[in-house]
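# Architecture at a glance
Each chain, written out:
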Amino acid sequence: MSTAAIGAVLWVMGGIAWYVIRYPFERRARRTQVVLNRRSLVDMCGLGAAMLGMGLVPAIYVATGFPAPADYPAGPVRVAAGAILFFAAVWLFRRTHKELGKNWSITLEIREKHKLVSGGPYSLVRHPMYTSFLMMAVGQALLLANWFVGLAGLLGFALLFFLRVDKEERMMLDTFGTDYRDYMDRTKRIIPFVY
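Computed from a prediction, not measured in an experiment: that's the story for all the values here. (Residues numbered from 1 in each chain as written. Predicted model: local features only at pLDDT ≥ 70, side-chain atom pairs only at ≥ 80, totals over all residues. Heavy atoms only, no water.)

## Some remarks on helix 2 (residues 41-64)
Every α-helical turn comprises 3.6 residues, leaving residues that sit three or four positions apart pointing alike. The principal kink in helix 2, of about 40°, is found at Leu-52. For helix 2, the complete set of buried residues consists of Asp-43, Gly-46, Leu-47, Ala-49, Ala-50, Gly-53, Met-54, Val-57, Pro-58 and Tyr-61. Lining the buried residues of helix 2 we find helix 1 (3-29), helix 4 (128-143) and helix 5 (147-176). Positive phi appears at Gly-65, one or two residues downstream of helix 2, with a value of about 85°. (Bend = angle between axes of the 7 residues up to and from the residue. Helix = DSSP H or I, 4+ residues; strand = E, 2+ residues; numbered from the N terminus. Buried < 20%, exposed > 50% of the residue type's maximum accessible area, 1.4 Å probe, protein only. Contact = heavy atoms within 4.5 Å.)

Here it is in structure tokens:
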């Protein structure tokens, strides 16, 4: 099996793991009442961009090889680094879901009995799920040796993050007030000690 094929198989395995982690939380979320919903067209566009760049575009590439003209040689070190980063991201993705529990939502929502979560990975950054998405996007760029697919993942992440994070933080400030402000003062957004 070629190095490029190994990278593609690892990406597929990571995508399956992502779905297996997310699915029970989606089901559970439907049973918890939403008390504040700030879903918007902009929010949905960000989610769509992430799904396109980190899901559909790489899936088409893995299944068909399109767009092959953007391929570059897949090196074993690059693929190994991509696998480590991608699966570390999947692990972090699971940890964030576990910490959030019934507070989790795919969109900008506050649920009944919503609590401010600041333990586990949330003790280091305010948005570790976005951290995991950034790690997945970089991992995707390393696993799949194609410039277009790599850039699609990074662009999809960037659009989701920049269209959403300010609105999410505003919603949390409106809900938790000074507790969230204090939390913001002691944590960074997605990269510990940096940003």
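The structure having been displayed, the exposition proceeds.
## Side note on the packing of aromatic side chains
Taken as a whole and judged by the stated rule, the model has 11 aromatic pairs. Note on Phe-157 and Phe-161: the rings are 5.7 Å apart at their centroids and 20° apart in plane angle, and the pair reads as stacked. One end of the pair is Phe-157 and the other is Phe-161, both in helix 5 and four residues apart, which spans about a single turn. Take Phe-157 and Phe-161: they sit in the same class, and that class is buried. Ring centres 5.7 Å apart and planes at 55° place the aromatic pair Tyr-180 and Tyr-183 in the tilted group. (Phe/Tyr/Trp six-rings, centres within 6.5 Å; stacked < 30°, edge-to-face > 60°.)

## What to know about helix 4
Between its first and last C-alpha atoms helix 4 spans 22 Å; for 16 residues at 1.5 Å apiece the expected length is 22 Å, and the two agree. Where burial is concerned, most of helix 4 is hidden: 13 out of the 16 residues are buried. (Expected span 1.5 Å × (residues − 1).)

## Details of the pattern of salt bridges
One pass over the full model with this rule turns up nine salt bridges. Asp-174 serves as the salt-bridge partner of Arg-38, at 2.9 Å between the closest nitrogen and oxygen. Here Arg-38, found in the loop between strand 1 (34-37) and helix 2, pairs with Asp-174, found in helix 5; they are 136 residues apart in sequence, far enough to count as distant. Taking the relative accessible area as the measure of exposure, Arg-38 reaches 31% and is therefore partly exposed. Its relative accessible area of 44% is what places Asp-174 among the partly exposed residues. Taking the shortest distance from any N to any O, the salt bridge between Glu-99 and Arg-95 comes out at 3.4 Å. Residue Glu-99 and its partner Arg-95 are located together in helix 3 (residues 76-100), separated by four residues, close to a single helical turn. Take Glu-99: its relative accessible area is 29%, and that puts it in the partly exposed class. (Salt bridge = Lys/Arg side-chain N within 4 Å of Asp/Glu carboxyl O.)

## Some words on the layout of surface pockets
One number sums up the size of the largest pocket: a volume of about 960 Å³. Along the wall of the largest pocket there are 43 residues; nearest its centre are Arg-22, Trp-104, Met-129, Phe-133 and Arg-164. Of all the secondary structure elements, the ones that give two or more residues to the lining of the largest pocket are helix 1, helix 2, helix 3, strand 2 (109-111), helix 4, helix 5 and helix 6 (178-186). The leading source of residues in the lining of the largest pocket is helix 1, at eight residues. Split into classes, the residues belonging to the lining of the largest pocket amount to 28 nonpolar, eight polar and seven charged. (1 Å grid on protein atoms, 1.4 Å probe; cavity = no way out; pocket = protein on both sides within 12 Å on 5 of 7 lines; lining within 4 Å. Points joined across faces, edges and corners; volume = space filled by probe spheres on them. Nonpolar A, V, L, I, M, F, W, Y, C, P; charged D, E, K, R; others polar.)

## Focus: the nonpolar core
Tyr-130, Phe-133, Met-136, Leu-143, Leu-144, Phe-157 and Tyr-180 are the most contacted members of the largest nonpolar core, which has 46 residues in total. If you list the elements that add at least two residues to this core, you get helix 1, helix 2, helix 3, helix 4, helix 5 and helix 6. Take this core: its biggest share by element is 10 residues, from helix 5. Setting aside anything within four residues of it in sequence, one finds Leu-143 in contact with Gly-7, Ala-8, Leu-10, Trp-11, Val-79, Gly-82, Ala-83 and Phe-86. (Core = buried A, V, L, I, M, F, W, Y, C linked by side-chain atoms within 4.5 Å.)

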